[in-house]
Amino acid sequence: MLLIQLRWLAVFGQVATILFVHLWFDIELPLFPMGVVLAFLVALNMVSLLRHRSSEDVTNSELLLELLLDVGALTVQLYLSGGATNPFISLYLLQVTLGAVLLDAWSVWALVVVASGAFVWLTMSYRPLGLPPASVEAGLFSLHIQGMFVCFVLSAALLVVFVTRVQRNLKARDTHLAELRQRSAEEDHVVRLGLLASGAAHELGTPLSTLSVILSDWQRMPAFERDPEIAGELAEMQGQLERCKAIVSGILMSSGDARGEGTMLTTMATFLEDVVEEWRESRSPAVLDFINLVTPDEPIVSDTALKQVIFNVLDNALEASPRWVGVAASRHDGEITIAVTDAGPGFAPGMLDEFGKPYRSTKQRPGGGLGLFLVVNVIRKLGGRVGAENRTDGGASVTLSLPVAALALGEQDGR
């Protein structure tokens, strides 16, 4: 794309130079043949533009061919306007500079050989310029200096544009590489957390099963059955134990150890209603306002990771605002948006700047901030984004935005 843009500048620069020399210096030029060369460059740029749009990847051979055609076009223009005596002969250096940046080493040397051969050929074969009598009387040296100045201005302008664009591309590349390194480090952190959680879940499975068997035996013992208070406490213990086993099973399912178990077909609206209702029953918030405006609905496979993400955001909101939590889900332009709001103190300015980074939390306890870190990474894996802001009327709002395509039934099946 850079070569295409520079070629457009070169075409406009040649048009301006030809008109300037023809009208200002009153030098007769073969305008028609030179116009044909310009038309060829325009056609070459159009073909290159179509090639660029069809595929971002351009081979070294293609770039070399295009630069050789540029050198050929410049050689024809110089042949028609004085050959090596034309001060614009130094434009070959611009072509070589482009090649040094865009091509492999062997291709650059091939370009240097071709440009040097064209220079030598133009010293022996060219069309002499038709100079006006006034220019001849003023001296060819003065006219040559003026031509060199015009060539210098044109070359300097093209080089500034070229180098500036290269620097911009290098900065963009460095920024992209830095983002990739940061994302790789974060994903590595997530993998370690996942392995830790999966290992802990495996280790907890056996003692939980043992406790479940013991409690079942106690519930059937006559001494405990006759005491309603003890029987009720045992039932409560059994219920909490089953909840722990369900959490462990969910961790194993998320890590892939129980793949295919517990998944079911549902719709996005139903999935959100079930998740919010389950969270309401397990956390018992004072007030939970839930608005579900996901229409039209979309068939999906229930995603345990997404469920845990929503739970994490709701848990943070409840911790900041025990009296009220609000949830609003909607669909706009192929995107599902889930906004969780609270009436708490809001985020500190520093927290908003580092939202989603591990161990960035106002909670003074080990591991604080990992919940939001996992939320951001899971949503990003699904192709979405997470936003956080403080509300003007108090409290904070965390918004999860997910593309419908990432949650649709067909996309899930193709993973």
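Residues numbered from 1 in each chain as written. Predicted model: local features only at pLDDT ≥ 70, side-chain atom pairs only at ≥ 80, totals over all residues. Heavy atoms only, no water.

Regarding the overall build of the protein
Let me state the cut-off plainly: Only DSSP runs of H or I covering at least 4 residues are called helices, and only runs of E covering at least 2 are called strands; the numbering of each starts at the N terminus. Think of it in three bands: residues with accessible area under 20% of the maximum for their type are buried, residues over 50% are exposed, and the middle band is partly exposed, with areas taken using a 1.4 Å probe on protein chains only. We call two residues in contact whenever any of their non-hydrogen atoms come within 4.5 Å of each other. The method behind every accessible area is Shrake-Rupley, applied with a 1.4 Å probe, and residues are considered shielded solely by the protein chains displayed.
Looking only at helices and strands, the protein features 15 helices and seven strands. Counting all 415 residues of the protein, 37% fall into the buried class. Expressed as a percentage of contacts within the protein between residues at least 6 apart in sequence, the contacts between residues at least 24 apart total 71%. In the form shown here, the protein has an accessible surface area of approximately 23,700 Å², with 63% of it arising from carbon and sulfur atoms.

Describing the sheet that holds strand β2 (residues 288-293)
Rule in force here: Strand pairing is assigned whenever DSSP identifies at least 2 bridges connecting the two strands. What counts as an axis is a line fitted to C-alpha atoms, over the stretch in contact for a helix, and the angles between N-to-C directions run from 0 to 180 degrees.
Pairing is mixed across the open sheet formed by five strands, whose spatial order is β2-β4-β5-β7-β6. Each edge of the open sheet carries a strand with a single partner, namely β2 and β6 (385-390). Along the sheet, successive strands turn relative to each other by an average axial angle of 15°, direction set aside. Of the pairings in the sheet, the one linking β2 to strand β4 (residues 325-332) comprises six bridges and is parallel in character. Within β4, the residue paired with Leu293 across the bridge is Ser330. Packing against the sheet, helix α10 (residues 268-283) makes contact with β2, β4 and β5 (335-342), and its axis sits at approximately 175° to β2. Contacts from helix α11 (residues 304-320) reach β4, β5 and β7 (396-403), with the element oriented near 25° to β5.

Examining the packing of helix α2 (residues 31-54) against helix α3 (residues 60-79)
We count it as follows: Roughly parallel means an angle under 35 degrees; roughly antiparallel means over 145; roughly perpendicular covers 65 to 115; every other angle is labelled oblique. Handedness of a crossing follows from how the near helix is turned relative to the far one, being left-handed for an anticlockwise turn of less than a right angle and right-handed for a clockwise one. Under the scheme applied, nonpolar residues are Ala, Val, Leu, Ile, Met, Phe, Trp, Tyr, Cys and Pro; charged residues are Asp, Glu, Lys and Arg; polar residues are all the others, including Gly.
Packing of α2 against α3 leaves a shortest axis separation of 9 Å and a crossing angle of 170°. Our classification of the angle between α2 and α3 gives roughly antiparallel. You can see that α2 and α3 cross each other, and the crossing is left-handed. Contacts from Met34, Val37, Leu38, Phe40, Leu41, Leu44, Ser48 and Arg51 of α2 reach α3 at Glu62, Glu66, Leu69, Asp70, Ala73, Val76 and Gln77. Among the residues forming the contact of α2 with α3, the class breakdown is nine nonpolar, two polar and four charged.

Quick look at the side chain of Ser81
Just so we agree on the cut-off: The definition of a polar contact used here is a pair of N or O atoms within 3.5 Å, where within protein one atom must be able to donate a hydrogen and the other to accept one, and adjacent residues in sequence count solely through side-chain atom pairs.
Looking at the secondary structure, you find Ser81 in the loop between α3 and α4 (91-102). On the basis of relative accessibility, which here comes to 6%, the residue Ser81 falls in the buried class. There is a polar contact of 2.7 Å between the side chain of Ser81 and the backbone oxygen of Gln77. Excluding residues that lie within four positions of it along the chain, Ser81 makes contacts with Leu29, Met34, Asn86, Arg127 and Leu129.

What to know about the packing of aromatic side chains
How we decide: Stacked, edge-to-face and tilted are the three classes for Phe, Tyr and Trp ring pairs, Trp counted by its six-membered ring, which pair at centre distances within 6.5 Å; planes under 30 degrees apart are stacked, over 60 edge-to-face, the rest tilted.
Using the criterion set out here, one finds two aromatic pairs in the structure. Here Tyr79 and Trp121 contribute two aromatic rings whose centre-to-centre distance is 5.5 Å and whose plane-to-plane angle is 20°, an arrangement assigned as stacked. Taken together, the residues Tyr79 in helix α3 and Trp121 in helix α5 (residues 105-124) connect sequence positions 42 residues apart. On the accessibility criterion, Tyr79 (30% relative accessible area) is partly exposed.

What to know about the environment of Pro128
Tracing the backbone shows Pro128 in the loop between α5 and α6 (133-138). Along the sequence, Pro128 and Asn86 sit 42 residues apart, while their C-alpha atoms lie 9.6 Å from each other.

What to know about the pattern of salt bridges
Two side chains that carry opposite charge are able to pair once their charged atoms sit near each other. Put simply, the test is: Every case where a carboxyl oxygen of Asp or Glu lies within 4 Å of a side-chain nitrogen of Lys or Arg is listed as a salt bridge.
Per the counting criterion, the structure on display carries nine salt bridges. A salt bridge links Asp315 to Arg283; its shortest N-O distance comes to 2.8 Å. You can see Asp315 sitting in helix α11 and its partner Arg283 sitting in helix α10, a full 32 residues away along the chain. The class for Asp315 is partly exposed, based on a relative accessible area of 22%. Its salt-bridge partner being Asp393, residue Arg391 comes within 3.3 Å of it at the nearest N-O pair. Ionic contacts of the salt-bridge type, sharing partners, join the residues Arg7, Glu66 and Asp70 into one network.

Considerations on the side chain of Ser321
As for its position among the elements, Ser321 is in the loop between α11 and β4. Assessed through its relative accessible area of 4%, Ser321 is described here as buried. Engagement of the side chain of Ser321 in a polar contact is seen with the backbone oxygen of Trp324, the distance being 2.7 Å. Not counting the four nearest positions on each side in its chain, Ser321 is found in contact with Asp342, Ala343 and Gly344.

With respect to the environment of Gly232
In this fold, Gly232 is placed in helix α9 (residues 228-255). Note on Gly232: relative accessible area 39%, which makes it partly exposed. Gly232 sits 13 residues away from Gln219 along the chain, and the two C-alpha atoms are 9.5 Å apart.

Re the confidence of the model for the protein
Note the threshold: On a range of 0 to 100, pLDDT expresses the predictor's confidence in each residue.
The predicted model of the protein averages 79 in pLDDT, with 81% of residues at 70 or higher. Note that residues 364-368 has pLDDT below 50 and, in this model, five contacts with residues that lie over four places away or in other chains. A low-confidence stretch, residues 411-415 stays under pLDDT 50, and its non-local contacts, those more than four residues away or across chains, total 10 contacts.

A few points about the packing of α3 against α4
Two elements in contact, α3 and α4, have axes separated by 10 Å at closest approach and are oriented at 180°. The angle between α3 and α4 places the two elements in the roughly antiparallel class. Between α3 and α4, the residues in contact are Leu63, Leu67, Asp70, Val71, Leu74, Thr75 and Leu78 and Leu91, Tyr92, Gln95, Leu98, Gly99 and Leu102, respectively. Considered class by class, the residues forming the contact of α3 with α4 number nine nonpolar, three polar and one charged.

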